[in-house]
Amino acid sequence: MSAAPIGRCLNCYALLDGRFCGQCGQRAQDPDPTLRELLEEAWEAFVSIDGKFFSSLRLLVLRPGVLTAEYLRGHRVRHLAPLRLYLLCSVGYFLVSSIVPDRGSARATVRFPGADTLVLAERKADLRDSVERIVRRDSASRVLLERHGITTVAPGALDAATRSAADSLRAFEQAEQMTAAPAWVRHRLALGIQHVMRDKKNFGSDYTAQVPRLLFVLMPAFGLLLALAYRSRKWRYPAHLIVALHLHAFVFAVLTIDEVRSLIPWPPLRTGLKIVTAMWLVGYVPLALRRVYGGRLRYAIARTLVLGGAYSLVGLLAFSILAFALLLAY
């Protein structure tokens, strides 16, 4: 192995003027490091990433639009890159949501005056609703079966085989309503609906697993909507995409806070925090848009409403396509 000349960078051989190379940025150090140097390097890397993340997150959540405006002005070395911040916030949300127990089970484990009575009342209400749903579904299934010439004994509950037959007929009827679709699509769709009716839990898990990818795909669409809403600014599309990244990162950060909020055992505090986070979510976007793009607050609010409506339609279409694709794949 050839060694670099004295006073030159070991990576690119440029002349050194200080602790770091002016060409490639590598630290000037002995190629045979000590354990102390290795630990110092690891600590500096951790503190740099950790510090940038929390300072960027604090600025993102508490000061609408400031982080984005700073980045677009070129003040970037102190903050985490928008894409990395978005990925950390989104991964953090899905990780926390998978760890935090279900809200119903969390309520059942808390202990405060009247908790047992409240939980019992909720369970009775859930059981009553469940029975009512079964009765309504069995009544609709009887009508469906009789329409196809299959008689059932009323008013008793349907057995599992009869319910399965009714679900199959319902699936094929729903698929046949898609008269514009090819026959093979209708057939695959009917089979998919049958499968989902038999195994809703796994379908829900498969659907949920695709949500992060779909949200990541939808984000550039929101950037495009921002570019259209603020086309008078004559900014390049990547600038609007950065705004979209920060807004989506903020939403994931607040949703993570909301997941943690559900663990609070005192209902009044839990409800109060929910109201605060909901109000902050509603008011954040126009404040952030005004900070980044300028203009009057009322115009930012109007653009927020239009953007929200358009993005909701795009999201509804995308999630419907996802559900349709999963049904065809079953």
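Residues numbered from 1 in each chain as written. Predicted model: local features only at pLDDT ≥ 70, side-chain atom pairs only at ≥ 80, totals over all residues. Heavy atoms only, no water.

Details of unusual backbone geometry
Reasoning step 1: Phi at Lys 234 is positive, roughly 60°, even though this residue is not glycine.
Reasoning step 2: As for its position among the elements, Lys 234 is in the loop between helix H8 (200–229) and helix H9 (237–261).
Reasoning step 3: Given a relative accessible area of 73%, Lys 234 falls into the exposed group. (Helix = DSSP H or I, 4+ residues; strand = E, 2+ residues; numbered from the N terminus. Buried < 20%, exposed > 50% of the residue type's maximum accessible area, 1.4 Å probe, protein only.)

Considering the pattern of salt bridges
Reasoning step 1: For the coordinates displayed, the defined rule picks out three salt bridges.
Reasoning step 2: A salt bridge links Asp 258 to Arg 261; its shortest N-O distance comes to 2.7 Å. Of the two residues, Asp 258 and Arg 261 are both situated in helix H9; the distance of three residues between them amounts to about one turn of the helix.
Reasoning step 3: Salt bridges sharing common partners tie together Glu 70, Arg 73 and Arg 78. (Salt bridge = Lys/Arg side-chain N within 4 Å of Asp/Glu carboxyl O.)

Description of the nonpolar core
Reasoning step 1: Judged by nonpolar contacts, the single largest core of 40 residues is most densely connected at Leu 60, Leu 85, Leu 226 and Leu 289.
Reasoning step 2: Counting residues per element, this core draws most heavily on H9, which supplies nine residues.
Reasoning step 3: Those residues in contact with Leu 289, other than ones at most four positions away along the chain, are Leu 226, Tyr 230, Val 243, Leu 247, Gly 294, Ala 300, Thr 304 and Leu 307. (Core = buried A, V, L, I, M, F, W, Y, C linked by side-chain atoms within 4.5 Å. Contact = heavy atoms within 4.5 Å.)

A short note on the packing of aromatic side chains
The geometry of an aromatic ring pair comes down to the distance between the two centres and the angle between the two planes.
Reasoning step 1: Under the defined criterion, the tally for this structure stands at 11 aromatic pairs.
Reasoning step 2: Between Tyr 86 and Phe 252 the ring centres are 5.8 Å apart and the planes differ by 65°, which places this aromatic pair in the edge-to-face class. One end of the pair, Tyr 86, is in helix H3 (residues 82–99); the other, Phe 252, is in helix H9, and 166 residues separate them in sequence. A single burial state applies to Tyr 86 and to Phe 252, both of which are buried.
Reasoning step 3: With a centroid separation of 5.0 Å and 65° between ring planes, the pair formed by Tyr 93 and Phe 94 is classed as edge-to-face.
Reasoning step 4: Joined through ring pairs, the aromatic side chains of Tyr 86, Tyr 93, Phe 94, Phe 216 and Phe 252 make up one cluster.
Reasoning step 5: Positioned above the aromatic ring of Tyr 71, the side-chain terminus of Arg 76 is 4.2 Å from the ring centre.
Reasoning step 6: We note Arg 303 situated over the ring of Tyr 230; from NZ or CZ to the ring centre the distance is 4.4 Å. (Phe/Tyr/Trp six-rings, centres within 6.5 Å; stacked < 30°, edge-to-face > 60°. Lys NZ or Arg CZ within 6 Å of the ring centre and 35° of its normal.)

Brief notes about a nonpolar patch on the surface
Reasoning step 1: A cluster of nonpolar side chains, contributed by Leu 287, Leu 297, Ile 301 and Leu 305, occupies part of the molecular surface with about 350 Å² of accessible area.
Reasoning step 2: Examining the composition of the nonpolar patch, we find that three residues originate from one element, helix H11 (residues 297–329), more than from any other.
Reasoning step 3: Here Ile 301 is to be found in helix H11.
Reasoning step 4: The partly exposed category is assigned to Ile 301, whose relative accessible area is 39%. (Patch = residues over 30% accessible without salt bridge, like charges linked within 9 Å, V, L, I, M, F, W, Y side chains within 5 Å. Areas by Shrake-Rupley, 256 points an atom, 1.4 Å probe, with all protein chains shown as cover.)

In short, shape yes, function no, at least from these values alone.
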